[in-house]
Protein chains: 4
Amino acid sequence: MKKLNVGIVGYGFMGRAHYNAYRKVNNFFDLKHQPVLKAACARSADNAKAFADKWGYESVETDWRKLIARDDIDLIDICTPNNTHAEIAIAAAQAGKMILCEKPLALNAKEAEKMVAAVEKAKVPNMVWYNYRRCPAVVLAKQLIDEGKLGRIFHYRAKFLQDWTIDPDLPQGGAGLWRLDVKAAGSGVTGDLLAHCIDTAMWLNGTIDKVNAMTETFVKERKHNLTGKIEKVGIDDACAFLARFTNGSLATFESTRYARGHKALYTFEINGEHASIFWDLHDLHRLQYFDHRDEGRVRGWRNIHVSDGDQPYMKNWWVPGLQIGYEHSFVHQVADFLQGLANDQPAKPDFKDGLATDYVTDAVLQSAKNGQWEKVKKVK
Amino acid sequence: MKKLNVGIVGYGFMGRAHYNAYRKVNNFFDLKHQPVLKAACARSADNAKAFADKWGYESVETDWRKLIARDDIDLIDICTPNNTHAEIAIAAAQAGKMILCEKPLALNAKEAEKMVAAVEKAKVPNMVWYNYRRCPAVVLAKQLIDEGKLGRIFHYRAKFLQDWTIDPDLPQGGAGLWRLDVKAAGSGVTGDLLAHCIDTAMWLNGTIDKVNAMTETFVKERKHNLTGKIEKVGIDDACAFLARFTNGSLATFESTRYARGHKALYTFEINGEHASIFWDLHDLHRLQYFDHRDEGRVRGWRNIHVSDGDQPYMKNWWVPGLQIGYEHSFVHQVADFLQGLANDQPAKPDFKDGLATDYVTDAVLQSAKNGQWEKVKKVK
Amino acid sequence: MKKLNVGIVGYGFMGRAHYNAYRKVNNFFDLKHQPVLKAACARSADNAKAFADKWGYESVETDWRKLIARDDIDLIDICTPNNTHAEIAIAAAQAGKMILCEKPLALNAKEAEKMVAAVEKAKVPNMVWYNYRRCPAVVLAKQLIDEGKLGRIFHYRAKFLQDWTIDPDLPQGGAGLWRLDVKAAGSGVTGDLLAHCIDTAMWLNGTIDKVNAMTETFVKERKHNLTGKIEKVGIDDACAFLARFTNGSLATFESTRYARGHKALYTFEINGEHASIFWDLHDLHRLQYFDHRDEGRVRGWRNIHVSDGDQPYMKNWWVPGLQIGYEHSFVHQVADFLQGLANDQPAKPDFKDGLATDYVTDAVLQSAKNGQWEKVKKVK
Amino acid sequence: MKKLNVGIVGYGFMGRAHYNAYRKVNNFFDLKHQPVLKAACARSADNAKAFADKWGYESVETDWRKLIARDDIDLIDICTPNNTHAEIAIAAAQAGKMILCEKPLALNAKEAEKMVAAVEKAKVPNMVWYNYRRCPAVVLAKQLIDEGKLGRIFHYRAKFLQDWTIDPDLPQGGAGLWRLDVKAAGSGVTGDLLAHCIDTAMWLNGTIDKVNAMTETFVKERKHNLTGKIEKVGIDDACAFLARFTNGSLATFESTRYARGHKALYTFEINGEHASIFWDLHDLHRLQYFDHRDEGRVRGWRNIHVSDGDQPYMKNWWVPGLQIGYEHSFVHQVADFLQGLANDQPAKPDFKDGLATDYVTDAVLQSAKNGQWEKVKKVK
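As a starting point, this report considers the structure included with it. (Residues numbered from 1 in each chain as written. Chains lettered and ligands numbered in written order. Predicted model: local features only at pLDDT ≥ 70, side-chain atom pairs only at ≥ 80, totals over all residues. Heavy atoms only, no water.)

We now examine the overall build of chain A. Along its length, chain A carries ten helices and 17 strands. For 380 residues, the compact-globule formula gives about 21 Å, and the C-alpha radius of gyration of chain A, at 21 Å, lands near that figure. Long-range contacts, defined here as pairs at least 24 residues apart, represent 68% of the contacts in chain A between residues at least 6 apart. Per element, the accessible surface of chain A, about 12900 Å² overall, is 50% carbon and sulfur. Across chain A, the centroid of the 51 positively charged side chains sits 2 Å from that of the 47 negatively charged ones. (Helix = DSSP H or I, 4+ residues; strand = E, 2+ residues; numbered from the N terminus. Rg over C-alpha atoms; globule rule 2.2 N^0.38 Å. Contact = heavy atoms within 4.5 Å. Areas by Shrake-Rupley, 256 points an atom, 1.4 Å probe, with all protein chains shown as cover. Lys, Arg positive; Asp, Glu negative; His and termini not counted. Charge placed at Lys NZ, Arg CZ, Asp CG, Glu CD.)

What follows is the structure, given as structure tokens:
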């Protein structure tokens, strides 16, 4: 088994999800590589140390440039705020490191284009952490679509609804809240949540041709945690858009952090000529499937408990009926990345796919500004 | 179209359900007979008059014996408390009337045997209002079982859960509350609710061989509305029993009026070798169906919205997707009764079927007393 | 009890729903008026006769002008295709008849304005059959919103999904299929299905300020049943739009007849500051309610079985736990209309409300053509 | 942080669940002890080696006696078939080791009594792996009951339904199939599945007073994998029983491996005077809760997504809305065990609790034989 030395930048919510995946992957998957938790990097030495201890990292760094400069690091994992992705990734590429970068790839497509150029030039393996592609139920959806079970696709609809920012006293900026600060995040729900919906959608249903969007910021000002002052909120609290896919299907997308009762309700539904599919992150171990070819009297939405050995990834886990959870999507993503390395068939989504999503979110934000349909740029 | 003159005894909740069915049936079903609301009978002339006006009955009676004696009445419908069924039905049979009797057929099997003897002697059409057999989803279940879709049956489980008698200040006896008075009702949940479960179960899965039961009366004394005194409660508040069907399948049955959160949750589930079925009165327009012969990856419980023209009774109603409700089960029962009359193929469940259910409830109550398995008597 | 003589034009699916409502309403509601089924009107005398017999209409007409001219008719009920509403309604108003008109009020707002002018000039009671306002669960939603339970509203989303026109061999035009013929229907899903969503939305959440829409016709040509020729399809098969309400909330609306697995899935969800509401026509007897003021540990969407006496309309029906269905919304609408007559407080939605919805659908169709946001005209 | 050296016997499905828990617990919980994967024991050296490599065990043993004899082992974890539990556990206790034993504690209560005596004499910390007590939703149920939210309990019902042994060609005995061999398992669904239901039930609702059961073996003979011969099946394929709790509530329990459509459907429902609770292993991250004290119009079953920081264990995992799965119940059990060690407040369920469950299962099997109510022995 080859060792693969991982250096990770960032230690927040996403950092923990990644650490856990690296630690677990070889216990459940037969692979040719084994990630080694080599170094954790955080600006504060104390934070870095605490996390390294908790997760068994061998060393710590407080400057990501030093981490990248180390010879004993094969792979840089970026789980810092969005506005730092480009700089770190480009430097890592130039140093010849493999790169796994949190989503969205960058603050905007312009930055993302440079990141793609950097990894292409350096020819380093690269991936973006759009982890929901790795939920077994979502992979099952992909299989069904690719096998033609749905036939011609007429409709796609996706939502990602949360309710955690309704309180106007919630501040913006700083640890845990940088997602509300437009300088760190680039946008609000569009880059944070709709980016997931768009990535899944294009994977399942192909490219998006054009979009027409609206956005809203319900709470106009919030105290900023870093400056301590009341500042204008620059992000979008909510965003909805109409879209037309290249394959002729129609779509609606919506995301908000103002939907009471929904913590992380990412859902998508696809309606095809013969069959339809529905998935819901709140019950991620299930897939809803309707097949019109079933006999008329007993046609109905099938509520599939995706926990059986013939369903994607599930033979690696427990026994039928016993569900996995959120964290397993990250384990699967690492497993697929390592498999790709071993087979020389790079796993997806790579930086180019990340850029494709950024093209869509850029077009969405542009359309929300000018009230017009916007064509989506295509990745070359 | 032949007129069929109906005289109805009783005007409570069930009376209204029956009236509505007679009024509606010819608007939605093509039949050779038309029920005519000829006479409503209640002990109080005022009540009888009020109901007759509301529902368009042509005349009123205050003595059921007079109603039965009338030449212009073809059919007697009995919707009075259980302790009056036998006397009225036997007299009606002797007078040569058709009889539709509310369930349970009688206070006990001994009475019910006499009623069967009376209708057999008089050769009059007869039926018991076990209306849940007429919910389209339940009929669909019956079709699937009869077609062999389930294969060998292993398990049957049924529940009927309510929560309306938890308050110990609720009195017993009198209008609307006679179901709590053992003299009027014969038993509590066993005759009222489990009788429904048992009737459906034997229709779907054949006869029951033996039972083993427990009952409980949680509130031991209640004020009696007729005497005004605190009296011992004689009914069973809750009853659960194990059963073995003649076909070798195992069953559990349970009913209570002490299950918070359930207003009228009648559910049944049947597990067969190849497929399973689940139904729930709270969503009576749906059937849950699992077919193991579906491809493994996309196997799941199908949530069937029973509202399409190829599903039982539904072509007579609205368009696909638009649900019917509780009252329609009664309309269907009248429609089937009239169809049976026209075709000379009497509709079920008849008094003999009602007796079969009474044999089971008698055995259940007996077993609850002696703590032993009780064989169920078979109808000859 | 005052008699109210009803003359009805049309005898299709909607005709049956209305007939049933008139027949039933006095059995379940205490009212000062009793509808009398006086005359049924259809172009074919045979059809008119058959329906009159089935439903107990006293007479038939084959020309709606003659029906309107009759002195013994108090109320004209219009359930013919959309392109006939205006002419019949205006003539009925001029003859001083009360008018109940099927939705949408007219082919377009221009026609609808004339209808409003006609009923205002004639001062005749008038109503539009947006029946979903009368589902008990929807009325409960209205109560909760009006009581301020939701607080400030952030989001509204509604869908109406069907799948009955996916087959390209389905013809357009003629009986049962006029909804596919743009000349008879005016539009496709926009006027047929979204009109319902819009009417409910404005009732619950106030007026809509502007919209941005897209439409699609998936099957471009179909055989026309009246001409026998393959003709271009003029209706919209699918329509989705973004909207902004006057109260500042954001909305998405979508309808299609190409969503496999959905027969008549009308759903809406409203997200407020404190609480959220969800409703689904496929289980119309339920309301989903989330209240953030519940204690954190046990907060969850409450699945409310709307069948109890303290819930809208339900004390008039059966007992708790026993559901009503689609047809009851029409009974409620007639009951409310008659109540309004008796109290001199006209029931809603009246023609003005119908016009308001037509202004929205006109703006939607216009936006779909020009790809721009369209302001919605307000009713004066 | 103190090291706690773990030696584990067995490497099957349960072994993996335990290994994973030991590896993960310190990453997510702040504890004073850290389990060290010291030695894995299996009869085959190759198997032991393979598993040790995969999971990072430092050494292997092929004889559990040697493992117990090692000085560097603090804790013996038993995940071998039921018929070996007693011997290993008693030896481990005599050697002064802490013991974590898979459920059921023993083949029968007689063996279990000896195990209890052994750990009591040796005064070693001990626990049984009834892991479902550690699902956050189940712990939430426990909190609600203990706080009196339900009031007096009327009903308890639990089921554990599977469908994996319907095929008569499935053999019995040997690796992965020892659960079908009565010699290795002691009983069928009673000890395997109902034991879980009983443990949870007594934890939530107190002791069981008496039971009345039936069992069935649907497939009478199966090929035995160890002998190669067709042998009589000695286990119960299905078992259902009535029970009365000491607190006066009534219960039904049922388990089977012949329920098509259910992989591991462990559900329980508790009905109290004021509130009810429902849980389902197939969606283990949810709890259904009905509170009658909610306002009447908006009363409904609350579907609680147990993923928020104020819900049991959840602040240690991800963010609200992101579910955990089956394996996390084991992590929680280890965390609680270690917490108990640190605080000198031993975690439950210990061997005495395991014995209490064995008393119930013994009574159930006895009742199924003699068809009578059986009193349940109480742990002293």
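This part takes up the side chain of Arg 286 of chain C. The topology assignment puts Arg 286 of chain C in strand 15 (residues 286-291). Judged by its relative accessible area of 14%, Arg 286 of chain C is buried. Within the structure, Arg 286 of chain C has its side chain in polar contact with the side chain of Asp 283 of chain B (distance 2.7 Å). Of note is the side chain of Arg 286 of chain C, whose polar atom sits 2.8 Å from the side chain of Asn 303 of chain C. Non-local contacts of Arg 286 of chain C, meaning those with residues more than four positions away in its chain, are made with His 282 and Asp 283 of chain B together with Ala 137, Trp 279, Asn 303, Ile 304, His 305 and Val 306 of chain C. (Buried < 20%, exposed > 50% of the residue type's maximum accessible area, 1.4 Å probe, protein only. Polar contact = N/O pair within 3.5 Å; in protein donor to acceptor, adjacent residues only side chain to side chain.)

The next subject is the pattern of salt bridges. By the definition in use, this model includes 140 salt bridges over all chains. With a closest N to O distance of 3.8 Å, Asp 308 of chain B and Lys 263 of chain C form a salt bridge. Here Lys 263 of chain C lies in the loop between strand 12 (250-256) and strand 13 (265-272) and Asp 308 of chain B lies in the loop between strand 16 (301-305) and helix 9 (328-343), a pairing that spans two chains. Between Lys 377 of chain D and Glu 113 of chain D there is a salt bridge, with its nearest N and O atoms 3.3 Å apart. Within this pair, whereas Lys 377 of chain D is found in the segment after strand 17 (374-375), its partner Glu 113 of chain D is found in helix 5 (residues 109-122), the two being separated by 264 residues in sequence. Lys 377 of chain D gets classed as partly exposed once you look at its relative accessible area, which sits at 48%. What emerges from the salt-bridge pattern is a single network uniting Lys 24 and Glu 327 of chain A together with Lys 24 and Glu 327 of chain D. (Salt bridge = Lys/Arg side-chain N within 4 Å of Asp/Glu carboxyl O.)

To continue, consider the pairing of strand 16 (residues 301-305) of chain C. Residue and element names in this part refer to chain C. Within strand 16, four of the five residues are buried, which leaves it mostly tucked inside the rest of the structure. In this structure, strand 15 lies alongside strand 16, joined through four bridges in antiparallel fashion. If you follow Leu 287 over to strand 16, its bridge partner there is Ile 304. (Pairing = 2+ DSSP bridges.)

Of the residues lining the interface, 39 residues belong to chain A; the matching set on chain D comes to 39 residues. At the boundary of chain A with chain D, total buried surface from both sides reaches about 3400 Å², with 48% on carbon and sulfur atoms. Seen at the junction of chain A and chain D, the total is eight salt bridges. The salt bridge partner of Lys 24 of chain D is Glu 327 of chain A, with a shortest N-O separation of 2.3 Å. Counting across the interface, chain A meets chain D through 33 residue pairs in polar contact (both at pLDDT 80 or more). Every element with two or more residues in the side of chain A that touches chain D is listed here: helix 1 (13-28) and helix 2 (45-55) of chain A. (Buried area = accessible area lost by both parts, 1.4 Å probe.)

This part is about the relation of the copies chain A and chain B. Superposition of the two copies of the chain requires a rotation about an axis and a shift along the axis. With an axial shift of 0.0 Å and an RMSD of 0.0 Å, the rotation relating chain A to chain B amounts to 180°. Those values place the two copies in the arrangement expected of a two-fold rotation axis. Taking C-alpha positions as reference, the residue of chain A nearest the rotation axis is Arg 302 of chain A, located at 2.1 Å. An overlap of 100% is found between the interface residues of chain A and their copies at the interface of chain B, pointing to a shared contact surface. (Least-squares fit on C-alpha atoms with pLDDT ≥ 70 in both.)

Whenever strands of a sheet pair, they do so through backbone hydrogen bonds, lying parallel or antiparallel. Residues and elements named next belong to chain D. Strands sit in the order 3-2-1-4-5-6 across an open sheet of six strands; the sheet is parallel. Among the strands making up the open sheet, the edge pair consists of strand 3 (59-61) and strand 6 (126-128). This sheet shows a mean twist of 25° between the axes of neighbouring strands, independent of strand direction. Looking at chain direction, strand 1 (residues 2-9) and strand 4 (residues 75-78) are connected through four bridges and run parallel. The residue bridging Val 9 from the neighbouring strand is Ile 78, located in strand 4. The strands touched by helix 2 (residues 45-55) are strand 2 (33-41) and strand 3; relative to strand 3, the strand with the most contacts, the crossing angle is about 150°. Strands in contact with helix 4 (residues 85-94) are strand 1, strand 4 and strand 5 (98-101); relative to strand 4, the strand with the most contacts, it is inclined by about 175°. (Axes fitted to C-alpha atoms, helices over the stretch in contact; angles between N-to-C directions.)

A separate point is the relation of the copies chain A and chain D. Superposition of chain A onto chain D requires a rotation of 180° combined with a translation of 0.0 Å along the rotation axis, giving an RMSD of 0.0 Å. Of the interface residues in chain A, 100% have counterparts in chain D that sit at the interface too, so the contact is made through matching surfaces.

Residues and elements named next belong to chain C. Looking at where Ala 42 falls in the secondary structure, it is placed in the loop between strand 2 (33-41) and helix 2 (45-55). Once the C-alpha coordinates of Ala 42 and Ser 367 are considered, the two residues, 325 residues apart in sequence, prove to be 37 Å apart. When sequence neighbours within four positions are dropped, the list of residues in contact with Ala 42 reads Tyr 11, Asn 47, Ala 48, Glu 61 and Thr 62.

The interface of chain A with chain B comprises 19 residues on the first partner and 19 residues on the second. Taking both partners together, chain A and chain B bury about 1600 Å²; carbon and sulfur atoms supply 45% of that area. Per-residue buried area on chain A facing chain B is highest for Arg 297, Val 298 and Arg 302 of chain A; these three make up 46% of the total on that side. Between the two partners, chain A and chain B, sit six salt bridges. Taken together, the links from chain A to chain B amount to ten residue pairs in polar contact (both at pLDDT 80 or more). Taken together, the elements giving at least two residues each to the side of chain A that touches chain B come down to helix 6 (136-146) and strand 16 (301-305) of chain A.

All names here are of chain C. Locating Met 1 in the fold gives a position in the segment before strand 1 (2-9). Residue Met 1 is classed as exposed on the basis of its relative accessible area, which comes to 62%. Once the C-alpha coordinates of Met 1 and Lys 32 are considered, the two residues, 31 residues apart in sequence, prove to be 5.1 Å apart. Every residue in contact with Met 1, bar those within four places of it in the chain, is listed here: Asn 26, Leu 31, Lys 32, His 33 and Gln 34.

Keep in mind these values describe shape, not function.
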